[in-house]
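Secondary and tertiary structure notes
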Amino acid sequence: MEQRNNVTEFMLLGLTRSLQGQKILFAVFLMIYLVTMAGNLLIVMTVVVSPALGAPMFIFLGFLSFMDAVCSTTVTPSIIINLLHEKRTISFKACTSQLFIAHLFGGVDIILLVVMAYDRYVAIFKPLHYLIIMRQRRCALLLLLAWVGGFVHAVPHVLFVYNLPFCCPNVIYHFLCDMYPLLKLACMDIYVVSLTVLANGGVISVAIFTILLISYGVILHSLKNLSQEGRWKALSTCGSHITVVVLFFVPCIFIYVRPPSTLPIDKSLTLFYTVVTPMLNPLIYTLRNAEMKSAMKKLWTRKQN
């Protein structure tokens, strides 16, 4: 793909210009990254080595943890490195790569959350046919669909950036490369592009978020027909899923469901769903899932012996 402009690099404004603030943030983000990697990789390892976690729900959970670990690695280390330098520049190719990877994994996460909701629907409404419906081949196809959907979501963003003429100074008022901060630097009418970005990001996020909330509402409403033990187990699992859905979608919707603009709160919201949420997901799932906690205890006991 040939670049249509002469831009070679951008300057990232970052999170703060205060040297003391940079030192504090460096320590905070380093700790967050270590906790994120430890928590998510622990879940992945537990799912892989524990025969008791062979159900599709745990396969999807392990895949989500893998995605969180990779997504965090594409964002957090660059933030940490930039906090050590006064001049925060990023090459054009690195910027587009960061943009592509962030939206690729974001798109995969969105579809994966839908898949996990479907999995819970089948488990609760058709328990006798669950293993037949959610057989291994279908799970693999659903994961492949998530990758394809994420790729289709991410490609237009890169194509738009490659074809935009940029004005100087090329200062991005953010700590990473994203569409709206980049569109502010374009030397052309971005009305059509912004509508496409709005549809590809904001509208889709709102639609899927609404569908997920309705589907979980139907699931929760049906719990009255289950036994008390089954009701508590389903409520615990669905509660974890709903929490993750809200933490992921609400910041995305606020950022992308509006005309191209950058607000001071955007940095905080972007930090939340790209850095903090991947750290919280393992805690949300493990603390409310007895089977996962039991498998982790067995794995820890096995390693101790």
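The rules behind each value
Residues numbered from 1 in each chain as written. Predicted model: local features only at pLDDT ≥ 70, side-chain atom pairs only at ≥ 80, totals over all residues. Heavy atoms only, no water. UniProt positions renumbered as here; feature names shortened; annotations may be inferred. Axes fitted to C-alpha atoms, helices over the stretch in contact; angles between N-to-C directions. Helix = DSSP H or I, 4+ residues; strand = E, 2+ residues; numbered from the N terminus. Left-handed = near helix turned anticlockwise from the far one by under 90°. Nonpolar A, V, L, I, M, F, W, Y, C, P; charged D, E, K, R; others polar. Disulfide = S-S within 2.5 Å. Buried < 20%, exposed > 50% of the residue type's maximum accessible area, 1.4 Å probe, protein only. Contact = heavy atoms within 4.5 Å. Pairing = 2+ DSSP bridges. pLDDT = per-residue confidence, 0-100. Salt bridge = Lys/Arg side-chain N within 4 Å of Asp/Glu carboxyl O.

Per an unreviewed UniProt entry, the recorded name for the chain is Olfactory receptor, and the organism is Fukomys damarensis. Per its UniProt entry, the chain bears the Sequence similarities (unreviewed entry) comment "Belongs to the G-protein coupled receptor 1 family."

This next bit is on the packing of helix α3 (residues 92-125) against helix α5 (residues 136-162). At a closest axis distance of 7 Å, the pairing of α3 and α5 adopts a crossing angle of 145 degrees. Both α3 and α5 take part in a crossing whose hand is right-handed. Counted by class, the contact of α3 with α5 contains 21 nonpolar, 7 polar and 2 charged residues.

All right, on to the state of the cysteines then. Inspection of the entire model under this criterion finds 1 disulfide. The disulfide that involves Cys95 links it to Cys177, with 2.0 Å between the sulfurs. Measuring handedness by torsion sign, the sulfur bridge of Cys95 and Cys177 sits at about -125 degrees and is left-handed. Pair noted here: Cys95 is in helix α3 and Cys177 is in the loop between β3 (171-172) and α6 (179-183), with a separation of 82 residues, a long-range link. Across the pair, Cys177 and Cys95 agree in class, each one buried. Among the cysteines around Cys252, which has no disulfide bond, Cys71 carries the closest sulfur, lying 9.8 Å off. Of the residues examined, Cys252 reaches a relative accessible area of 7% and is grouped as buried.

Let's shift gears to the environment of Asn163. Turning to its location among the elements, Asn163 is positioned in the loop between α5 and β3. Sequence separation between Asn163 and Thr196 is 33 residues; the distance between their C-alpha atoms is 14 Å.

Further remarks concern the UniProt feature "transmembrane region" (unreviewed entry) in the chain. Those places that UniProt annotates as "transmembrane region" (unreviewed entry) correspond, in this numbering, to residues 24-50, 57-80, 100-118, 139-162, 190-220, 232-257 and 269-287. For residues 100-118, the helix share is 100%, the strand share is 0%, and the end-to-end C-alpha distance is 27 Å.

Along the chain, the position of Ile133 falls in helix α4 (residues 130-133). For Ile133, a relative accessible area of 17% puts it in the buried group. Along the chain, Ile133 and Ala123 lie 10 residues apart, while their C-alpha atoms are 9.5 Å from each other. Setting aside anything within four residues of it in sequence, one finds Ile133 in contact with Tyr118, Val122, Lys126 and Arg138.

Moving on: the pairing of strand β1 (residues 9-12). Across the two faces of β1 the burial differs, with Phe10 and Leu12 buried and Glu9 and Met11 not buried at all. With 3 bridges connecting them, β1 and strand β2 (residues 89-91) associate as antiparallel partners. Note on β2: the bridge partner recorded for Phe10 is Ile90. Where β1 meets β3, 2 bridges bridge the pair, whose relative direction is parallel. Across the sheet, Leu12 pairs through a bridge with Ile172, a residue of β3.

What follows deals with the confidence of the model for the chain. Put simply, the chain has an average pLDDT of 84, and 94% of its residues get 70 or more. The spread of mean pLDDT over the elements of the chain runs between helix α10 (residues 290-304), the lowest at 73, and α5, the highest at 91.

All right, on to the pattern of salt bridges then. Tallied over the entire structure, the rule returns 1 salt bridge. In this structure, Asp119 engages Arg120 in a salt bridge whose closest nitrogen and oxygen atoms are separated by 2.8 Å. With respect to class, Asp119 is no different from Arg120; both count as buried.

Let us now look at the sheet that holds β1. Read across the open sheet, the 3 strands follow the order β2-β1-β3; overall the sheet is mixed. In this open sheet, the two strands that pair with only one neighbour each are β2 and β3.

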